[in-house]
Amino acid sequence: MATMESLIVTVNRIQRACTVLGDHGGDTNLPTLWEALPSVVVVGGQSSGKSSVLESIVGRDFLPRGSGIVTRRPLVLQLHKTERGLQEYGEFLHLPKKKFTDFSMVRKEIQDETDRMTGKSKQISPVPIHLSIYSPNVVNLTLIDLPGLTKVAVGIPPAFLLGQPESIVQDIEIMVRSYVEKPNCIILAITPANQDIATSDAMKLSREVDPTGERTFGVLTKLDLMDKGTNAIDVLEGRAYPLQHPWVGIVNRSQADIKKNVDMIASRRKEREFFASSPDYGHLASKMGSEYLAKVLSKHLESVIRARLPGITSLINKSIEELEAELSHLGRSVAVDAGAQLYTILELCRAFDRIFKEHLDGGRPGGDRVYGVFDHQLPAALRKLPFDRHLSLQNVRKVVSEADGYQPHLIAPEQGYRRLIDGALNYFRGPAEASVDAVHFLLKELVRRSIAETQELKRFPTLQAEIAAAASEALERFREESKKTTLRMVDMESSYLTVDFFRKLPQEVEKGGNPTSSSVDRYAESHFRKIGSNVFSYVGMVSDTLRNTIPKAVVYCQVREAKQSLLDHFYIQLGKKEGKQLAQLLDEDPALMERRQQCVKRLELYKSARDEIDSVLWPDETHPTAC
Ligand SMILES: Nc1nc2c(ncn2[C@@H]2O[C@H](COP(=O)(O)OP(=O)(O)OP(=O)(O)O)[C@@H](O)[C@H]2O)c(=O)[nH]1
């Protein structure tokens, strides 16, 4: 099992990985590890002595000073104990490999790095700065310093205040809360002893988020500044404000000490002396002071980490599963070389084509509607053709007479018949074209649906649009071809009439064998009616034929072609495209790319966290020993 020390180191490493890979809690819709990691967070009102406590724990001057809100980004301070005699140095996560041995430069870098993220606007940012300090004078511990709680935005440039006067005060509170609300957060609540503790910002917040006081370490600063004759024994002995952990009293450097450049080691000594010689606190001396606080915190942090480790491990495993599932849903990232890209595009086109065919052949709905055109729409349209009008007695007479001209027909009005038939057949063009159009729109709709149903294409809006355009262009061509063919079939009916039909017509029996009466009859109503009815039956016969042949032509020219060669032209064009153009086709939806990237990064974080934990929990497996 891992040593206590290595557990803190492990969590330190995971914390750093969190920052590198963009996990600092918050609502990115991704599982967060940052929030599950136990940490010690320093909270307190402005000037309560937070920076002083931190510096005292580290034993170094390194935090920015100034008036107003100086800490504007969380500072994750990771302390690593090194062997006696080794040089102390600081190292920032954002400047790996640069060792800061001059701690005034550490201070400057914190300031500069804060400004880099927030600009000079004095805004605050939740993105933490990571600072590791390696020193023989520290204990292994991680502390997070947050902006001081404040009621008024002191030190913020008026120009900034003009826009959002309240905002920064609230933003700080929201940020601090987001840390201390986590059940894994150990709260180091700093309260100055020379103020009314009941109104201490830190204690008020801690009471709210940790009413039982199990996560809170109360720290009382400025004990040396209390009015003469008063002391904080009631608080330090846990009577006034009971917490689960004992209160720790601290005496930091005063402003005057800082001015005089009293170093931290001297100040620690001074603090020890203060407690040892104090008539009020002498009996508590061994449990007071910043060094003691550091040790207690380190020990507590270790035990909390140990207790939480199983939970963290199962969270990591669960998150890895979730992220892997999401990533497989989002699909692989796109290949970079042209050959692989072309292959991907063809695969995607095939996936679409498969679905499109399923719609036509059955398995998916839609193909049945094509039959609906042939079964309902076309017969209905044929039935509605205005042959009654065209073959009315009046029109028959008119057409026949006009065809006869000055010489009325003698036996049968050959020309009249032809004109009447031609005129009638012309009407078939309408239903023929309408069938072609109806099937065209159905196919277009099926293309649209198939694109929408092709999961693999979802990521590629550009390729979707290109496939839609190519399919639409192909369908347009098929429509033209189909129109030509169906209309040609109508024209063919006009070009040669079925001779047999007319030969088989019952001959007009000349009643009573009276030639005179027969010639008179030829111009009588019944004669024209007969002609009309003959033409009507002929047209009926043609209509039956077309009702069967138009669907054949439509299927042949449109449906069959769509199934066989919808994207053929597109494939030819694809073959001519260069790498860059292919890449453009595989332009993914930017939101999706972003999401995949986030998931990949987060997955990387969880996997490295799992490895970190495995290596401390099962060190023997990675370094097998012969037995
Ligand atoms: N005499 C004395 N002065 C202290 C003590 N602790 C802090 N101070 C002084 O109080 C002032 C504020 O201390 P800081 O440590 O800067 O307080 P802070 O909470 O970090 O302040 P902000 O970062 O501005 O919110 C400084 O001048 C310190 O020297 C203490 O225990 N005794």
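All residue numbers here refer to positions counted from 1 along the written sequence of the relevant chain. The model is predicted, so local features are restricted to residues of pLDDT at least 70 and side-chain atom pairs to those at 80 or more, both for listing and for counting; the totals for chains, interfaces and linings are taken over all residues. Excluded from the side-chain calculations are hydrogens and water; all other atoms, namely the structure's heavy atoms, are used.

*Asks:* I'm lost on the overall build of the protein chain in this one. Help?
*Replies:* Counting from the N terminus, the helices are DSSP H or I runs at least four residues long and the strands are E runs at least two residues long. Broken down by element type, the protein chain carries 24 helices and eight strands. A 1.4 Å probe rolled over the protein chains alone gives each residue an accessible area, and that area as a share of the maximum for its type sets the label: buried under 20%, exposed over 50%, partly exposed in between. Across the 627 residues that make up the protein chain, the buried fraction comes to 48%. A fraction of 82% describes how many contacts in the protein chain between residues 6 or more apart in sequence connect residues 24 or more apart. What makes two residues a contact is simply this: any of their non-hydrogen atoms within 4.5 Å.

*Asks:* Looking at this structure, how should I read the site of the ligand?
*Replies:* Around the ligand, the surrounding shell holds 19 residues, and the nearest of these are Ser51, Ser52, Asp224, Asn252 and Gln255. In protein, a polar contact means a hydrogen-donor-capable atom and an acceptor-capable atom, both N or O and within 3.5 Å, with residues adjacent in sequence counting only if both atoms are side-chain atoms; elsewhere, any N or O pair within 3.5 Å suffices. Take Ser47: an N or O atom from its main chain is 3.0 Å from an oxygen atom of the ligand. Within the backbone of Ser48, a nitrogen or oxygen atom sits 3.1 Å from an oxygen atom of the ligand. When residues of the shell around the ligand are traced back to their parent elements, those giving at least two are helix 2 (50-58) and helix 8 (255-259). When residues of the shell around the ligand are assigned to their parent elements, the largest contribution, three residues, is made by helix 2. Nearness here has a simple test: a residue counts as near a molecule or strand if at least one of its heavy atoms is within 4 Å of that partner.

*Asks:* Whenever I open this one, the packing of aromatic side chains confuses me. Can you help?
*Replies:* To describe a pair of aromatic rings, you give the distance between the ring centres and the angle between the ring planes. By convention, a stacked pair of Phe, Tyr or Trp rings (six-membered ring in the case of Trp) has centres within 6.5 Å and planes under 30 degrees apart, an edge-to-face pair has planes over 60 apart, and any other such pair is tilted. A full pass over the atoms with the stated rule returns twelve aromatic pairs. Measuring from centroid to centroid gives 4.8 Å for Tyr89 and Tyr134, while their planes differ by 15 degrees, and the two rings are stacked. With a gap of 45 residues between them, Tyr89 in strand 3 (residues 89-92) and Tyr134 in strand 4 (residues 129-135) connect regions that are remote in the sequence. Taking relative accessible area as the criterion, Tyr89 reaches 16% and is therefore assigned buried.

*Asks:* Explanation requested: the pattern of salt bridges in the structure shown.
*Replies:* Pairing is possible between side chains of opposite charge, provided their charged atoms come close. For this analysis, a salt bridge means a side-chain nitrogen from Lys or Arg found within 4 Å of a carboxyl oxygen belonging to Asp or Glu. Tallying each qualifying case throughout the model produces 37 salt bridges. Arg116 serves as the salt-bridge partner of Glu113, at 2.7 Å between the closest nitrogen and oxygen. Placement of both Glu113 and Arg116 in helix 3 (residues 103-118) is noted, with a separation of three residues, approximately one turn of the helix. Overall, Glu113 belongs to the buried group, its relative accessible area being 11%. Counted as one network, the salt bridges with shared partners bring together Glu55, Asp61, Arg65, Arg107 and Arg253.

*Asks:* I would appreciate a short explanation of the environment of Phe460 in the present structure.
*Replies:* Tracing the backbone shows Phe460 in the loop between helix 16 (429-453) and helix 17 (461-495). Taking C-alpha positions, Phe460 is 9.6 Å from Pro590, a pair spaced 130 residues apart along the chain. In this structure, Phe460 is in contact with Val334, Leu348, Leu585, Leu586, Asp587 and Glu588, ignoring residues within four places of it in sequence.

*Asks:* Which parts of the structure should I look at to understand the nonpolar core?
*Replies:* Nonpolar side chains tend toward joint burial in soluble globular proteins. Residue types Ala, Val, Leu, Ile, Met, Phe, Trp, Tyr and Cys, when buried and joined through side-chain atoms within 4.5 Å, form a set referred to as a nonpolar core. Of all hydrophobic cores here, the largest spans 101 residues; its most connected members are Phe62, Leu143, Leu188 and Leu223. Element by element, the count of residues in this core is highest for helix 10 (residues 290-330), at 13 residues. When near neighbours in sequence (up to four residues on either side) are disregarded, Leu143 contacts Val40, Val42, Leu54, Ile57, Leu75, Val76, Leu77, Leu79, Leu188 and Leu297. One finds Tyr417, Leu475, Leu487 and Ile550 within the second-largest nonpolar core, a separate group that totals 66 residues.

*Asks:* When you look at the pairing of strand 6 (residues 185-192) in this model, what are you seeing that I'm missing?
*Replies:* If a strand is regular, its side chains alternate between the two faces of the sheet. Most of strand 6 is tucked away, with eight of its eight residues classed as buried. Between any two strands, at least two bridges found by DSSP are needed for them to pair. When strand 1 (residues 39-44) meets strand 6, the two strands line up parallel, connected through six bridges. Across the sheet, residue Ser39 finds its bridge partner in strand 6, namely Cys185. In this sheet, strand 7 (residues 216-221) lies alongside strand 6 in parallel orientation, the contact comprising six bridges.

*Asks:* Would you explain the environment of Thr344 in this entry?
*Replies:* Its location among the elements puts Thr344 in helix 11 (residues 338-361). What makes Thr344 partly exposed here is its relative accessible area of 23%. For Thr344 and Val334, which are ten residues apart along the polypeptide, the C-alpha to C-alpha distance reads 8.2 Å. A polar side-chain atom of Thr344 sits 2.7 Å from the main-chain carbonyl oxygen of Ala340.

*Asks:* Help me out: how do you make sense of the side chain of Thr221 in this one?
*Replies:* Inspection of the secondary structure puts Thr221 in strand 7. Residue classification places Thr221 among the buried residues on the basis of a relative accessible area of 0%. At 2.7 Å, the side chain of Thr221 forms a polar contact with the backbone oxygen of Ser48. Contact partners of Thr221, with chain neighbours within four places excluded, come to Ser48, Gly49, Val53, Ile190, Thr191, Pro192, Ala193, Ile250 and Asn252.

*Asks:* How do you make sense of the sheet that holds strand 7 when you look at a structure like this?
*Replies:* In sheet architecture, strand pairing relies on hydrogen bonds along the backbone and comes in two forms, parallel and antiparallel. Here we have eight strands laid out as an open sheet, ordered 3-4-2-5-1-6-7-8, and mixed in their pairing. At either margin of the open sheet sits one strand with a lone partner, and together these are strand 3 and strand 8 (248-249). Bridge analysis of strand 7 against strand 8 gives two bridges, and the strand direction is parallel. In the sheet register, Leu220 faces strand 8, and the bridge partner there is Gly249. Angles here are taken between N-to-C directions and fall from 0 to 180 degrees, while the axes themselves are lines fitted to C-alpha atoms, restricted in helices to the stretch in contact. Against the sheet, helix 3 contacts strand 2 (75-81), strand 3 and strand 4, and its axis sits at roughly 170 degrees relative to strand 4.

*Asks:* Would you mind showing me how to read the pairing of strand 4 here?
*Replies:* Extensive coverage of strand 4 is indicated by the burial of seven of its seven residues. Alternating positions in strand 4 separate into two faces, Ile129, Leu131, Ile133 and Ser135 on one and His130, Ser132 and Tyr134 on the other, with burial throughout. In this structure, strand 3 lies alongside strand 4, joined through four bridges in antiparallel fashion. Residue pairing for strand 4: Tyr89 is matched across the bridge by Tyr134.

Everything listed here is a matter of geometry and, on its own, says nothing about what the molecule does.
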